[in-house]
Amino acid sequence: MSLHDDAAAVLKAYEDQPELRDLYLEHLAAHPDGVYKPCRAGHITGSALVIDPARGRVLLTLHKKLGMWLQMGGHCEPGDTTLAGAALREAVEESGIADGLTLLPGGPVRLDRHPIPAPCNWHLDVQYAALAPAEAVEAISDESLDLRWFPYEEVAAVADTSVVRLLEATRARL
């Protein structure tokens, strides 16, 4: 199964946010390259909110290009075989937590569509949550200006609405 087919299967099974889900599925049907960055009509991305439920906190990255506190995530790469795998790979790369991150069971937590500068136009983000092990030690990556743990109650003060909604949906699933 290709990454494109995996993404379509994941989205077909996703029951929340039906309007966005259908938009993503239409995008994939119209664009065989719709999971990769070169697709100028936009592309599917995978992200994961790194969460430490035992300590009531999340790990956010200060994105180098956007200057915003965000969950870990980014573009699918040719070596990715699943959307969940792409999201977990991004979480590991950007958090520096090499061992023990696991995706929260149940598939994606949310979908978020947001504009980006041309030529790509749109990110169709499939958002997961990744559980951090108790002994997790983060390390800043080249893609980030900073990396920091935030208590749940502080996230709304530093992050945009998308991250806040992702945290709320993740906590509801825990």
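Structure's up top.
Throughout what follows, the structure given in this document is the object of discussion.

Cut-offs applied
Residues numbered from 1 in each chain as written. Predicted model: local features only at pLDDT ≥ 70, side-chain atom pairs only at ≥ 80, totals over all residues. Heavy atoms only, no water. Helix = DSSP H or I, 4+ residues; strand = E, 2+ residues; numbered from the N terminus. Buried < 20%, exposed > 50% of the residue type's maximum accessible area, 1.4 Å probe, protein only. Axes fitted to C-alpha atoms, helices over the stretch in contact; angles between N-to-C directions. Parallel < 35°, antiparallel > 145°, perpendicular 65-115°, else oblique. Left-handed = near helix turned anticlockwise from the far one by under 90°. Contact = heavy atoms within 4.5 Å. Nonpolar A, V, L, I, M, F, W, Y, C, P; charged D, E, K, R; others polar. Polar contact = N/O pair within 3.5 Å; in protein donor to acceptor, adjacent residues only side chain to side chain.

## Brief notes about the environment of Leu28
Mapped onto the elements of the fold, Leu28 is located in helix 2 (residues 18-30). With relative accessibility at 3%, the residue Leu28 sits in the buried group. Taking the C-alpha atoms as reference points, Leu28 and Ile44, separated by 16 residues in sequence, lie 8.5 Å from one another.

## Some remarks on the environment of Lys37
Residue position: Lys37 is located in the loop between helix 2 and strand 1 (43-52). Given the relative accessible area of 42%, Lys37 is considered partly exposed.

## Quick look at the packing of helix 1 (residues 3-13) against helix 2
Two quantities define a packed helix pair, namely the angle between the helix axes and the distance between the axes. Two elements in contact, helix 1 and helix 2, have axes whose closest approach is 10 Å; the angle formed by their N-to-C orientations is 160°. For the element pair helix 1 / helix 2, the angle class is roughly antiparallel. In the packing of helix 1 onto helix 2, the handedness of the crossing is left-handed. Residues His4, Ala7, Ala8, Leu11 and Lys12 of helix 1 form the contact with helix 2, whose own contacting residues are Arg21, Tyr24, Leu25 and Leu28. Of the residues belonging to the contact of helix 1 with helix 2, the class tally is six nonpolar, one polar and two charged.

## Description of the side chain of Arg89
Looking at the secondary structure, you find Arg89 in helix 3 (residues 83-95). Within the structure, the side chain of Arg89 is placed 3.0 Å from the backbone oxygen of His75, a separation counted as a polar contact.

## Here's the deal with the side chain of Thr61
Within the fold, Thr61 resides in strand 2 (residues 57-63). With near-sequence residues (within four places) excluded, Thr61 lies in contact with Met68, Trp69, Leu70, Gln71, Met72, Glu94, Ser144, Asp146 and Leu147.

## Considering unusual backbone geometry
In this structure, Gln17 is a non-glycine residue whose phi angle is positive, near 50°. Along the chain, the position of Gln17 falls in the loop between helix 1 and helix 2.

## Some remarks on the environment of Gln71
With respect to the helices and strands, the residue Gln71 is situated in the loop between strand 3 (69-70) and strand 4 (72-75). Overall, the relative accessible area of 10% leaves Gln71 in the buried class. Spatially, the C-alpha atom of Gln71 lies 13 Å from that of Arg89, the residues being 18 residues apart in sequence. When sequence neighbours within four positions are dropped, the list of residues in contact with Gln71 reads Ser47, Ala48, Leu49, Leu60, Thr61, Glu94, Asp125, Gln127, Val163 and Leu166. Only 3.3 Å separates the side chain of Gln71 from the side chain of Asp125, close enough to count as a polar contact.

Structural measurements only, silent on function.
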